[in-house]
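Coordinate analysis (summary)
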Amino acid sequence: MKNKFIKAAAAQAIRPGSMQRVSLDGHRILIANVDGNYYAVDDTCSHEDASLSTGSLRGELVKCPLHGSRFSVRTGKAMEEPACDDLRTYAVRVEGDDILVALG
Ligand code: FES
């Protein structure tokens, strides 16, 4: 099935090393800019109900503000406990100044 890309944010609004939470079709998605590449994962931590957008981004790792688990925004992988489950990742495309995300 072909992914449907939805406009999610303005590329200029998310500088390298920063991230932003967006709401797409009722899904809370985190978009992160790692060295000019954009990645999209679930914004809600897989451990409990915390918004990863209020955590910190170092390289491709976002740190949960609540208990400190880190996840790769590139692969969604949970790197350390207490979170065990990976984040869902979403395909990202940039067109002009628009960041488009496919919910799949
Ligand atoms: S809520 Fe994110 S590590 Fe606990």
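See the structure shown above.
Residues numbered from 1 in each chain as written. Predicted model: local features only at pLDDT ≥ 70, side-chain atom pairs only at ≥ 80, totals over all residues.

Core analysis: the largest hydrophobic core is formed by 25 residues, its most contacted members being Leu30, Ile31, Ala32, Ala40, Val41 and Val62. Listed by contribution, the elements that provide at least two residues to this core are strand 1 (5-10), strand 3 (27-34), strand 4 (37-42) and strand 9 (98-102). Ignoring anything within four residues of it in the chain, the contact list for isoleucine 31 reads Ala8, Ala9, Ile14, Met19, Gln20, Val22, Tyr38, Ala40 and Ile99. (Core = buried A, V, L, I, M, F, W, Y, C linked by C-beta atoms within 7 Å. Buried ≥ 20, exposed ≤ 12 C-beta atoms within 10 Å, placed from the backbone. Helix = DSSP H or I, 4+ residues; strand = E, 2+ residues; numbered from the N terminus. Contact = placed C-beta atoms within 7 Å.)

Burial of strand 3 is extensive: 6 of the 8 residues sit out of reach of the surface. Note that strand 2 (residues 19-24) and strand 3 share 6 bridges and pair antiparallel. Pairing of leucine 24 across the sheet is with histidine 27, part of strand 3. Pairing geometry for strand 3 and strand 4, over 6 bridges, is antiparallel. Bridging from a neighbouring strand, isoleucine 31 pairs with alanine 40 of strand 4. Joining the antiparallel neighbours strand 3 and strand 4 is a turn of 2 residues, in which aspartate 35 adopts a positive phi near 55°. (Pairing = 2+ DSSP bridges.)

With an omega of 10°, the peptide bond running from glutamate 81 to proline 82 counts as cis. Mapping proline 82 onto the fold places it in the loop between strand 7 (70-72) and strand 8 (89-95). Here aspartate 35, not a glycine, exhibits a phi torsion of approximately 55°, which is positive. Considering the arrangement of structural elements, one finds aspartate 35 in the loop between strand 3 and strand 4. Overall, aspartate 35 belongs to the exposed group, with 8 C-beta atoms counted inside 10 Å.

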